[in-house]
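# Structural overview
So you can see what is in the structure, the chains are spelled out below.
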Amino acid sequence: MNKSVITIAMPKGRIFGDACRLLRNAGFRLPETFETTRKLILDLKTEPFRFILAKPVDVPTYVEYGAADLGIAGKDVLLESGRDVYEMVDLGISKCHMAVAGLPEHQSRNPFLKIATKYPNIASDFYRRRGEQVDLIALNGSIELAPIVGLADAIVDIVSSGQTLRENGLVEYDRLLDISSRLIVNPVSYRQKKTQIDQIVEKMIKATEGTKVGMD
Amino acid sequence: MSQPYMFEKPLGLRDTLPKAQQELSRLEMIFQRELICWGYDFIKTPALEYAETVGRASAIADHRLFKFLDAEGHPVVLRPDMTTPIARVAASSLRKEPLPLRLAYTADLYRSQRKEGGHPSEFEQTGAELIGDATPYADVEVMSLMMSLLEKSGLESVRLAVGHVGFVNAFFYDLVKDNARVEELRNLLYNKNDVGFHEYVDTLGLPEKVANQLNTFVDSRRLTNEETLAFLKSLVTGASATVQAYYKNIIELIHLLKLERLDEKIDLDITLVPHLNYYTGFVFQGFGGNLGFPVASGGRYDDLLAQFNRPCPATGFGIRLDRLMSAIKVSTDRSTQKKRAVIYDRENVGKAMQFAAEEREKGHAVVLQHADGIDNLETFREQFDAVNYFLERTETEE
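Residues numbered from 1 in each chain as written. Chains lettered and ligands numbered in written order. Predicted model: local features only at pLDDT ≥ 70, side-chain atom pairs only at ≥ 80, totals over all residues. Heavy atoms only, no water.

As recorded in an unreviewed UniProt entry, chain B goes by ATP phosphoribosyltransferase regulatory subunit and comes from Sporolactobacillus kofuensis. Recorded in UniProt for chain B, the comment headed Function (unreviewed entry) runs: "Required for the first step of histidine biosynthesis. May allow the feedback regulation of ATP phosphoribosyltransferase activity by histidine." The annotation that UniProt attaches to chain B under Subcellular location (unreviewed entry) is "Cytoplasm". (UniProt positions renumbered as here; feature names shortened; annotations may be inferred.)

An unreviewed UniProt entry lists chain A under the name ATP phosphoribosyltransferase, with Sporolactobacillus kofuensis as the source organism. Under the Subunit (unreviewed entry) heading, UniProt states for chain A: "Heteromultimer composed of HisG and HisZ subunits." Under the Pathway (unreviewed entry) heading, UniProt states for chain A: "Amino-acid biosynthesis; L-histidine biosynthesis; L-histidine from 5-phospho-alpha-D-ribose 1-diphosphate: step 1/9."

## Thoughts on the overall build of chain B
Secondary structure summary: chain B contains 14 helices and 15 strands in total. In terms of overall dimensions, chain B has a C-alpha envelope of 95 × 55 × 45 Å along the principal axes. Going through the 398 residues of chain B one by one, you find that 50% of them count as buried. For chain B, long-range pairs separated by at least 24 residues make up 69% of all intrachain contacts whose partners lie at least 6 apart in sequence. Of the roughly 20100 Å² of accessible surface on chain B, 50% is carried by carbon and sulfur atoms. With 46 positive and 58 negative side-chain charges, chain B shows a spacing of 2 Å between the two charge centroids. (Helix = DSSP H or I, 4+ residues; strand = E, 2+ residues; numbered from the N terminus. Buried < 20%, exposed > 50% of the residue type's maximum accessible area, 1.4 Å probe, protein only. Contact = heavy atoms within 4.5 Å. Areas by Shrake-Rupley, 256 points an atom, 1.4 Å probe, with all protein chains shown as cover. Lys, Arg positive; Asp, Glu negative; His and termini not counted. Charge placed at Lys NZ, Arg CZ, Asp CG, Glu CD.)

## Observations concerning the pattern of salt bridges
All names here are of chain A. Within the structure shown, the criterion is met by 34 salt bridges over all chains. Among the ionic pairs, R182 bridges to E87, the shortest N-O distance being 2.6 Å. Of this pair, R182 sits in strand β11 (residues 181–185) while E87 sits in strand β5 (residues 86–90), and the two are 95 residues apart along the sequence. On the basis of relative accessible area, R182 is assigned to the buried category, the value being 3%. A salt bridge links D198 to K194, with the nearest nitrogen and oxygen atoms 2.9 Å apart. In this pair, D198 and K194 are both assigned in helix α8 (residues 194–215), four residues apart and thus about one turn of the helix distant. (Salt bridge = Lys/Arg side-chain N within 4 Å of Asp/Glu carboxyl O.)

Okay, here's the thing in structure tokens:
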């Protein structure tokens, strides 16, 4: 069978550097300008790979619709979007966790807790499982503001080092789950290009084992 | 919601315009011919069914059903699938017919969608159900039939992924001995969450050998068919009688697919778990073209007819025509039927009618149009492959 082009959706921004390093470790010969280019589509000259550079929250969408065969996406984004894709490998990069945070010794005066978050589905799911009804307020960034200005009692957000929380005088109330980046695959691409995709998956697993040993 | 604009339709519903409808009809005709050639009888069932009967048995999540009250106050649903209504018919009106039954349908189905584009709430499906035959020969028949329909539709690089949920359930139960755990494991497979599967296995505190077996099980998706068969063989030594029996069925199925020359096109994937949870045995999905979604799916549902008081094994499939249409590359000359216009005036109406009638008799498409009724002759003409003028005693063709 002749080789068809494999399209890989990459997340721009925070986790892009980690993802590129991992791909290089896995043996992909990415061009040196890969991290600095402003192009949104990059074709490798040496191998039949095309990279598309997307906003991280959009990566699962490109993969679900088959516009990309593979993608690298954070577990937070995957859980929030609930897309129908194979989550094949925990890449062990860009680790952080999802947490509930707020002001220390805050007493809510609301009948239902007000929770500000970029992740309404994850937050809703968490509180429903706890048997608690809350009011969700969807924000798009700088979530830490919400408890400080009295918009919400607490926030549900990702925490990496905890520095942003500390600098804004917030504390963590609860830890929801651990987050890392995952290799995701479109179910149809997987059937159509199985041999090629399996090879990539094996390479990524090997490269990941390297990072895991290095980090532990 | 604010007042709808006059052009808007309810969420998830869409119009099928002439070109798309022509392609749809072409597919319907191909499918109908082929299904009849395989000895399947077409049936129709109503679009509305009771929520307590078909609605509940259909296994489509409650929030995805269009549900309302009929004139007598009974909750009714727009049918979300055709397998369940056909099971109802097979268990009632066709109760006396000798088994096995071979039934086919083309119907519109309704599933409420909250997601964005590409997921219509109403879609057409063609399918077949083979009821009353528990052997793997029946499974092979419906798989081959589905593949044949997809090939005939013009879909390129058709592939079939085959799994067996009966095997999955029995094998997991053997290892973890707990139905809730089996369900969680199966759910993780359905959600295609391999990472979560491994994590969940780690939390169970199972003996190392068992945990290993579960972990290799989910990774077996990456094996070739031959490797998968060898892997299954290694799993079943010492397994329960149910697992052994299912394993024998899988071996038999692969053997039969080889006879049908389909083995090159199938991907044996034991981790395949589709969403409809009435499936009990073989499950399969059909893929092709450049579409990101499967175009067809099916499987064995041996417990469904029991819900309508006629316990009976059955297997079948459905092809999503909306998805198939987006997956097929439509060439322009195939999508548009040749069409001729006959333009006439009062003096020549008789001749024009006679000419049109003769052409139609030959099976050609003819538009018969009085010249005064045409808004703009230039643009009108352009739509046709040929035009005949019957005007003021001159007969011309261009």
